[in-house]
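Listed below, chain by chain, are the residues.
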Amino acid sequence: MNFEPTEEQRLLRESARSALVGLCTMPVLRKGFDDPAKLDAFAQALWASVAELGWTGLVVPEEHGGMGLGATEFAILHEELGRALFTGPYTVTAVLAAGLLQLAGCPASLRARLTDIASGAMRLALLEVQSGERESFFATCGHGGTVSLGTHRVPDAGVATHFLLLATEQVTSSHAGVGRLGMCLVDRSASGVTVESRESFDPTHTMGSVTLRDAPLDPGHFHVTELPAAQIARVLGDMRLARCSEMLGVADRALSETVAYVKERKQFGQPVGSFQAVKHKLADAYIALENSRTAARYAALARDAGAADALLALDVAEAMTSVMGIRVTGDCIQAHGGMGFTWESDMHLYFKRARWLASTGRGVGHARASIASAIVEGRVEF
Amino acid sequence: MNPSFSAAEEAFRQEARIWLIESLRSVGYDAMSWRERLDTDFCMRWERHMGASGWTGLSWPKEYGGRALPLVQQVIFQEEYARAEAPILWNSMAHGILAPTLMYYGTESQKKRFLPGILSNEERWCQGYSEPGAGSDLAALATRAERISDARGDRYVVTGQKVWTSVAQFAHWCFILVRSDPKSSRHKGISFLLLDMKSRGVTVRPLRQMTGESEFNEVFFDGVEVPVENRVGEEGQGWEIAMTAANHERGTFFVPMLVSMQSELRDLVKLARTTPSDGRPAIEDPLIQDKLAQLYMDVSVMRLNSYRTLETLMQGRPPGPEASFTKLFWSEVRQRMLELAMDILGPQAMLAWTDPQAAAGGRWQREHLWSRAITILAATSEIHRNIIAERGLGMPR
Ligand SMILES: Cc1cc2nc3c(=O)[nH]c(=O)nc-3n(C[C@H](O)[C@H](O)[C@H](O)COP(=O)(O)OP(=O)(O)OC[C@H]3O[C@@H](n4cnc5c(N)ncnc54)[C@H](O)[C@@H]3O)c2cc1C
């Protein structure tokens, strides 16, 4: 086990950090806050830049033009994306979709799109098909034709070239059971696809409402299969891991900016950072952050090693990181006083991104319940 | 997934495990109840047995009778020791704090005189730092040491009082901080002495603790003579020595506690499975399940953190505020864990741990009470948060 990054991983982090300092700055992001079209345009330009750096192909195999790296690497990159409040559907495209297209049994016609993911030509936003529409969706993924789906709230819809429609369900109920997975890729400009811009809680992402009415499916771009549930969970888990890592970056930046602020800001003739109530709050934030860092790093290492406890480790990382991110960024607002409540301060941006990240997943309750059932069923080692 | 150890390290683990299993079996440990295992005489005998068998001083250089083992193997031994649920080590302050201090600051004759007794555990030590007026603010200590030089020799005469002194009633020696310069204040003018507990003028008065036991004491010094050759370091260097020693104490000191906490959590899950609540096992209660999930998260991350810290230490990089971080997190999680034990016990928790009918021999009630001490001893949680903020985050003092 290596908590310390390897030399290559350290370089990845450093180059990502310095690239993002130039590519994704607060002033530019802020220009898009009142005009989603501007933010989308910026996200597209940003996408082209990171594609040139090879990031869109980070986990895509080399034969499809990617770098063929693993979870440890995409986790590190996501920490940096979080620090920069990166905007765009990076995680859905470069982690989730890239993982789905590499699953066993994925048809060659779909898998070939990995090349477009790696090159940066394809940007995917996610529509998760909910239970009411799932059965008919699975059928559509089997025979093709056209697809219809009720309105979905889709982050980064305005930046996407395609939509990834995805449904999964458990076929047998036991932990080590079988799962069904249906997916298709729909061109954003296909007939029957409407995208309406919405206002996003996180101003550094845009949000759209997407509806599909008899949208035609391209031949070879749909697929339904049954796989061991663990394999499906692993691919979906990669997106969860990426979100955890992004959360670390968000919290880390918020905390370091807050520490710098409380050293400067004076009240009662002394820096507010010398008051113990402030110190203890930030000391606790630091502990929560470092604990989450350990948990997320381990989840990535376990994932790459194919360890038996990889999914449990991910539940731990997710449950910990979500709570940590919201709490730390909230406490950072508090430590800034009135300044923290202003639009001008960046603190609300970290706070909103943290909440946004926590809300994209299945939620803390789900992860905690999953840990609890592992304990109850005797699947954990002490 | 576990960290990978080299073949040599695994072989060492095997050797340690076998030695522990066989020696514990030879003293009848398996058949002993949890309560019997706490017995002071038994624990002290066991400790001497460890010394005689060469399983102490693992980190010490060979010239002092140690085994000069690398850090990883020391940690492996501590892991195995905790996993075997082997007896409490009463002389741990001598090994954790004093021995490294003597090796660094002591004279050759002090090392010759005192290290063998620690190694064999024939001589037990207590730590005389805290006083009624000096707890968190240790630099306020007032116990005086007056230097006298006459025909009877060069010596200090110690007068004052220490308090909360653990195991003083069983100790042969005390390493003590005293104010050797009466005109000094705060960190200056403090010296580090080795004081024979059999000296005339030493009175030990055990204090009853909230568990009903007496582990710590008041210790009174009334004109106690300490030869100058029993001063460690220079006169007035005591503060620096104590702070350096604290880093030793906080270094790998908590590894065994983390491991024991894993076994404790395992036992807690068992308790939840076997304790009925409303006619069903307590583990079926969703609130208890959720609390177990939280503890599992905390205990796992604590173990992983310790490996992360170990990696830092092994790369020779200076540790950051990890020691404060670990102690603080460990103590607060353990308190929560034992609160949960009491929740699980339900009405059974109403029996005192000393009652013969108490569940599991009273283990959970006693540990629960004891857990209130761990956020106070070895610097309170508040002090550790200060350290993390000031040294970890660089916030103003
Ligand atoms: C079981 C046990 C065993 C012990 N064994 C030993 C031993 O063997 N040898 C030995 O020398 N000592 C020993 N101690 C003493 C221990 O080190 C002290 O109790 C500890 O340092 C706290 O000091 P105090 O008790 O005087 O509390 P105080 O310092 O009076 O603290 C009271 C409260 O005020 C808070 N406080 C104090 N200063 C600050 C600050 N600057 N910022 C914020 N909050 C603050 C504390 O956190 C605490 O909550 C032992 C203690 C216990 C409980």
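Residues numbered from 1 in each chain as written. Chains lettered and ligands numbered in written order. Predicted model: local features only at pLDDT ≥ 70, side-chain atom pairs only at ≥ 80, totals over all residues. Heavy atoms only, no water.

As for the interface of chain B and chain A
Facing 42 residues of chain B, the contacting portion of chain A comprises 44 residues. A combined buried area of about 3900 Å² lies between chain B and chain A, and 67% of that area is made up of carbon and sulfur atoms. At the surface where chain B touches chain A, the tally comes to 4 salt bridges. Between Arg308(B) and Glu290(A) there is a salt bridge, with the nearest N and O atoms lying 2.4 Å from each other. Where chain B meets chain A, there are 17 residue pairs in polar contact (both at pLDDT 80 or more). At 15 residues, the largest contribution of residues to the side of chain B that touches chain A is made by helix 9 (residues 286-314) of chain B. Among the residues making up the side of chain B that touches chain A, the classes are represented as 21 nonpolar, 10 polar and 11 charged. (Contact = heavy atoms within 4.5 Å. Buried area = accessible area lost by both parts, 1.4 Å probe. Salt bridge = Lys/Arg side-chain N within 4 Å of Asp/Glu carboxyl O. Polar contact = N/O pair within 3.5 Å; in protein donor to acceptor, adjacent residues only side chain to side chain. Helix = DSSP H or I, 4+ residues; strand = E, 2+ residues; numbered from the N terminus. Nonpolar A, V, L, I, M, F, W, Y, C, P; charged D, E, K, R; others polar.)

Re the sheet that holds strand 6 (residues 207-216) of chain A
All names here are of chain A. The 3 strands are arranged 2-6-5 in an open sheet whose pairing can be described as antiparallel. Of all the strands in the sheet, just strand 2 (146-155) and strand 5 (193-198) have a single pairing partner and so form its edges. Shown here is a sheet whose adjacent strand axes are inclined to one another by a mean of 5°, direction ignored. (Pairing = 2+ DSSP bridges. Axes fitted to C-alpha atoms, helices over the stretch in contact; angles between N-to-C directions.)

Re helix 5 (residues 92-105) of chain B
Residues and elements named next belong to chain B. The first and last C-alpha atoms of helix 5 sit 19 Å apart over 14 residues, in line with the 20 Å expected at 1.5 Å per residue. Helix geometry: helix 5 is bent most strongly at Leu98, by close to 40°, with proline Pro100 lying one to four residues after it. Regarding helix 5, the residues found buried are Met93, Ala94, Ile97, Leu98, Ala99, Pro100, Thr101, Leu102 and Tyr105. (Expected span 1.5 Å × (residues − 1). Bend = angle between axes of the 7 residues up to and from the residue. Buried < 20%, exposed > 50% of the residue type's maximum accessible area, 1.4 Å probe, protein only.)

A look at the sheet that holds strand 3 (residues 162-170) of chain A
Residue and element names in this part refer to chain A. Spatially, 4 strands are ordered 1-3-4-7 in an open sheet, and the strand pairing comes out mixed. Single-partner strands in this sheet number two, and they are strand 1 (124-128) and strand 7 (222-228). Here the average twist between neighbouring strands, direction ignored, is 25°. Of the strand pairs in this sheet, strand 3 and strand 4 (residues 178-187) are connected by 9 bridges, and their pairing is antiparallel.

As for the site of the ligand
The full set close to the ligand counts 19 residues, and Gln276(A), Ser136(B), Trp164(B), Thr380(B) and Glu382(B) are the nearest of them. One chain alone does not account for the residues near the ligand; they come from chains A and B. Residue Ser166(B) places a side-chain N or O atom 2.8 Å away from a nitrogen atom belonging to the ligand. In this structure, Glu382(B) approaches the ligand through a side-chain N or O atom, which is 2.7 Å from an oxygen atom. Counting only elements with at least two residues in the shell around the ligand, the list comes to strand 3 (153-166) and helix 12 (381-392) of chain B. Its residues assigned to classes, the shell around the ligand comprises 9 nonpolar, 9 polar and 1 charged. Lining the shell around the ligand are residues from two domains, each supplying at least three of them: domain 2 (125-236) and domain 3 (254-392) of chain B. (Near = heavy atom within 4 Å. Domains from an automatic or database assignment.)

Here's the deal with the domain arrangement of chain B
Residues and elements named next belong to chain B. Taken as a whole, chain B is organised into domain 1 (7-89), domain 2 (125-236) and domain 3 (254-392). Computed over C-alpha atoms only, the centres of domain 2 and domain 3 are separated by 33 Å. In this complex, domain 2 contributes 6 residues to the contact, which on the side of domain 3 involves 7 residues. Both sides of the domain 2 and domain 3 interface together cover about 570 Å² of buried area, and 65% of this is carbon and sulfur. Area buried by domain 2 at its contact with domain 3 is led by Met210, Thr211 and Glu213, which between them contribute 71% of it. Between the two partners, domain 2 and domain 3, sit 1 salt bridge. Taken together, the links from domain 2 to domain 3 amount to 3 residue pairs in polar contact (both at pLDDT 80 or more). Taken together, the residues of the side of domain 2 that touches domain 3 sort by class into 1 nonpolar, 3 polar and 2 charged.

Brief notes about the pairing of strand 1 of chain A
Residue and element names in this part refer to chain A. With respect to burial, strand 1 is a largely interior element, 4 of its 5 residues being buried. Sheet analysis places strand 1 next to strand 3, joined by 5 bridges and oriented parallel. Following the sheet pairing, Leu124 is matched in strand 3 by His162.

Some points on the domain arrangement of chain A
For an interface, size is often stated in terms of accessible area lost upon the parts coming together. Residues and elements named next belong to chain A. Per the domain assignment, the segments of chain A are domain 1 (7-119), domain 2 (124-228) and domain 3 (229-376). Just the C-alpha atoms count here: the centres of domain 1 and domain 2 sit 21 Å apart. Of the residues lining the interface, 27 residues belong to domain 1; the matching set on domain 2 comes to 22 residues. Across the domain 1-domain 2 interface, the total number found is 0 salt bridges. Joining domain 1 to domain 2, the criterion identifies 5 residue pairs in polar contact (both at pLDDT 80 or more). For the side of domain 1 that touches domain 2, the secondary-structure elements that each account for two or more residues are helix 3 (36-52), helix 5 (90-100) and helix 6 (108-111).

So, the pattern of salt bridges
Under the defined criterion, the tally for this structure stands at 58 salt bridges over all chains. Taking the shortest distance from any N to any O, the salt bridge between Arg205(B) and Glu218(B) comes out at 4.0 Å. Of this pair, Arg205(B) sits in strand 6 (residues 202-206) while Glu218(B) sits in strand 7 (residues 216-227); the two residues are 13 residues apart in sequence, bridging distant segments of the chain. Residue Arg205(B) is classed as partly exposed on the basis of its relative accessible area, which comes to 46%. With a shortest N-O distance of 2.9 Å, Arg397(B) and Glu390(B) are connected by a salt bridge. Using a relative accessible area of 19% as the deciding quantity, one classes Glu390(B) as buried. Each member of the salt-bridge network shares a partner with another, and the members are Arg13(A), Arg17(A), Glu79(A), Glu80(A), Arg83(A), Asp252(A), Glu290(A), Arg293(A) and Arg308(B).

Notes on the side chain of Ser245(A)
All names here are of chain A. Examined against the element boundaries, Ser245 turns out to sit in helix 9 (residues 229-264). In this structure Ser245 comes out as buried when scored by relative accessible area, which is 1%. Engagement of the side chain of Ser245 in a polar contact is seen with the backbone oxygen of Leu241, the distance being 2.9 Å. Those residues within four positions of Ser245 in sequence are excluded, and the remaining contacts are Ala75, His78 and Glu79.

Remarks on the packing of aromatic side chains
Considering all chains together, one arrives at 22 aromatic pairs over all chains under this definition. Where Phe33(A) meets Trp343(A), the ring centres are 5.9 Å apart and the plane angle is 85°; that geometry is what we call edge-to-face. Linking Phe33(A) in the loop between helix 2 (26-31) and helix 3 with Trp343(A) in the loop between helix 11 (310-335) and helix 12 (347-360), this pair joins segments that are 310 residues apart in sequence. Between Phe114(B) and Trp173(B), the aromatic rings sit 4.9 Å apart at their centres with planes inclined by 80°, giving edge-to-face as the arrangement. (Phe/Tyr/Trp six-rings, centres within 6.5 Å; stacked < 30°, edge-to-face > 60°.)

Description of unusual backbone geometry
Residue and element names in this part refer to chain B. In the Ramachandran plot, Asn121 falls in the positive-phi region, its phi being about 60° despite a non-glycine side chain. Take Asn121: it is sitting in the loop between helix 6 (108-120) and strand 1 (125-128). Non-glycine residue Ala379 carries a positive phi angle of around 75°. Within the secondary structure, Ala379 is located in the loop between helix 11 (363-370) and helix 12.

Notes on the nonpolar core
Leu164(A), Leu255(A), Leu268(B) and Leu292(B) are the most contacted members of the largest nonpolar core, which has 145 residues in total. Grouped together as the second largest cluster of nonpolar side chains are 71 residues, Tyr81(B), Leu141(B), Phe192(B) and Val226(B) included. (Core = buried A, V, L, I, M, F, W, Y, C linked by side-chain atoms within 4.5 Å.)

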